[in-house]
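Examination of the molecular architecture
Residue-level listing of the chains:
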Amino acid sequence: MEEVGITGGRGAPASSEAVIDLSAIAGNAAVARRLTSAAVMAVVKANAFGHGAVPVARAALAGGASWLGVASPAEALLLRNAGIEAPILAWLFHPSRDLRAAVCGDIQLSVSSAGHMGAVVAAARATGRTVAVHLKIDTGMARGGAAPEDWPDLVRTAYLHERAGLIDVRGVWSHLADSDDPVAALVPRQVARFEAAVALAERVGLRPSVRHLANSSAALHHPGTHFDMVRFGIGLYGVEPVPDHPTGLRGAMTLHAPIVQTRRVRAGTGVSYRHDYVTPTSTRLGLVPVGYADGLPRSASAHAQVWVGVERRPVAGRISMDQFVVDLGIRASEPDHVVVFGPGTGGEPTVAEWATWAGTIPHEVLTGIGARVRRRWIGAVPDLPPAACSEARHA
Ligand SMILES: *Cc1c(COP(=O)(O)O)cnc(C)c1O
């Protein structure tokens, strides 16, 4: 084989780069906003599905979201400490956790068990603040949330703590198991259980003003699940949760990478580990410095394609830890970079296609894009006013 040289220096990125279009984020929030009269919570956990929590949160708020949702209190505080003033809900933490910092940062907290209630009440006493909480009922997923048999005790305890000024039950919420399935057989059952749980909370004297159940697919396709707020995750990033029923979302992340070396090879050349790919013709191979350590699923190797400027070309052989090879074909002008995925509007693959090739969901591919891939944010988003300094209300 003959090595023909190093490419680059023609305006291509010198290293892999995820370009995040914040105007797409804002536009996707606006799509959700148009499809519901409920409030829109932008779900920005896991560094906004890999897109950058703080810039994405600002863009989503500019686009019409009015709440932010994250898994951990630490993720919530990162947003608050960046000066974001919107209400933020954090829903996943161990009951032994010290929640004082979250409470002082005005983070609203999910409560799904007596243990979580204990942690929240301890933080309320320690800080002198009333903690805004959202009680979580399990309506049929058997993941998080209070079991139906524990719900009566949980709402009664909540009512007593609310009367004592320790908590303010702002929300009641749950999560759907199959709203992205075209059949969505569980949705009506979960809605009925949710309504019963809310009714019980109201019967003991609670007045939750933010009842929320819907994720992206339910926000876009099941209006009966909207209640007071929808939690918009994957849709915010431009992935249609029900691909057969597009709603006008735009992919926000484009993953570019340079070609750092090319070489001409004969037909019949085995490429990468175990020679899973054998060149069908005489061709040129390009080396791309992105691998499974950067989040490109190795399991997609056999099917994956990338965009090389004028057409899609196949990934040749197994994706390695740091790199993969693309079969460029014989071309008049040599490309100096590839688009791994993007919104799909220019012919490039989408993250949904990568997920299909890998036998997974787009969420996993997006959140897996690693720290070695530099992020660059583009797209005009109006500035939000800076956060005012709020005085601590506790001793
Ligand atoms: C991640 C998450 C979401 C977002 O789900 P999508 O299907 O991505 O919209 C909503 N609610 C909860 C509780 C979550 O953990």
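Residues numbered from 1 in each chain as written. Predicted model: local features only at pLDDT ≥ 70, side-chain atom pairs only at ≥ 80, totals over all residues. Heavy atoms only, no water.

**A closer look at the overall build of the protein chain**
The helix and strand inventory of the protein chain stands at 11 helices and 20 strands. By its C-alpha atoms, the protein chain is 80 × 45 × 40 Å across when sized along the principal axes. Per-residue burial over the protein chain gives 52% buried out of 395 residues. Taking the intrachain contacts of the protein chain between residues at least 6 apart in sequence as the baseline, contacts between residues at least 24 apart amount to 67%. With an accessible surface of roughly 17,200 Å², the protein chain has 53% of that area assigned to carbon and sulfur atoms. Here the protein chain holds 37 positive side-chain charges and 34 negative ones, and the gap between their average locations is 2 Å. (Helix = DSSP H or I, 4+ residues; strand = E, 2+ residues; numbered from the N terminus. Buried < 20%, exposed > 50% of the residue type's maximum accessible area, 1.4 Å probe, protein only. Contact = heavy atoms within 4.5 Å. Areas by Shrake-Rupley, 256 points an atom, 1.4 Å probe, with all protein chains shown as cover. Lys, Arg positive; Asp, Glu negative; His and termini not counted. Charge placed at Lys NZ, Arg CZ, Asp CG, Glu CD.)

**Digging into the site of the ligand**
For the ligand, the full set of nearby residues is V43, K45, F49, W91, W173, H175, N215, S216, R231, G233, I234 and H363. One of the side-chain nitrogen or oxygen atoms of W91 is found 3.5 Å away from an oxygen atom of the ligand. Classifying every residue of the shell around the ligand by side-chain character gives five nonpolar, five polar and two charged. (Near = heavy atom within 4 Å. Polar contact = N/O pair within 3.5 Å; in protein donor to acceptor, adjacent residues only side chain to side chain. Nonpolar A, V, L, I, M, F, W, Y, C, P; charged D, E, K, R; others polar.)

**Considerations on the environment of G359**
In this structure, G359 sits in the loop between helix 10 (351-358) and helix 11 (362-368). Given the relative accessible area of 69%, G359 is considered exposed.

**What about helix 10?**
Considered for burial, the residues of helix 10 that qualify are V351, W354, A355, W357 and A358. For helix 10, the buried positions fall inside an angular range of 160 degrees around the axis, keeping them on one side. If you follow the buried residues of helix 10, they end up packed against strand 16 (305-307), strand 17 (312-316), strand 19 (337-341) and helix 11. Of the residues one or two after helix 10, G359 is the one with positive phi, at around 70 degrees. (Arc of directions from axis to C-beta.)

**With respect to the environment of G344**
Relative to the elements of secondary structure, G344 occurs in the loop between strand 19 and helix 10. For G344, a relative accessible area of 28% puts it in the partly exposed group. Sequence separation between G344 and T254 is 90 residues; the distance between their C-alpha atoms is 9.2 Å.

**Some words on the confidence of the model for the protein chain**
Chain-level statistics for the protein chain give a pLDDT mean of 94 and a share of 93% at 70 or above. Confidence drops under pLDDT 50 across residues 1-10; counting only partners more than four residues distant or on other chains, this segment forms 23 contacts. In this model, residues 391-395 is a region of pLDDT below 50 whose contacts with residues beyond four sequence positions or in other chains number 10 contacts. (pLDDT = per-residue confidence, 0-100.)

**Describing the sheet that holds strand 3 (residues 39-43)**
Read around the closed barrel, eight strands run 3-4-5-6-7-8-9-10, paired in parallel fashion. Neighbouring strand axes in the sheet, compared pairwise and without regard to direction, differ in orientation by 30 degrees on average. Two elements, strand 7 (residues 131-136) and strand 8 (residues 167-173), share six bridges in a ladder whose sense is parallel. Counterpart to V131 in the pairing with strand 8 is I167. (Pairing = 2+ DSSP bridges. Axes fitted to C-alpha atoms, helices over the stretch in contact; angles between N-to-C directions.)

**Focus on the packing of helix 7 (residues 151-163) against helix 8 (residues 186-203)**
Closest axis-to-axis distance for the helix 7/helix 8 pair is 9 Å, and the angle between their directions is 40 degrees. Comparing the axis directions of helix 7 and helix 8 gives the class oblique. Handedness of the crossing formed by helix 7 with helix 8: right-handed. Residues W151, P152 and V155 of helix 7 pack against A197, L200 and A201 of helix 8. Its residues placed into classes, the contact of helix 7 with helix 8 shows six nonpolar, no polar and no charged. (Parallel < 35°, antiparallel > 145°, perpendicular 65-115°, else oblique. Left-handed = near helix turned anticlockwise from the far one by under 90°.)

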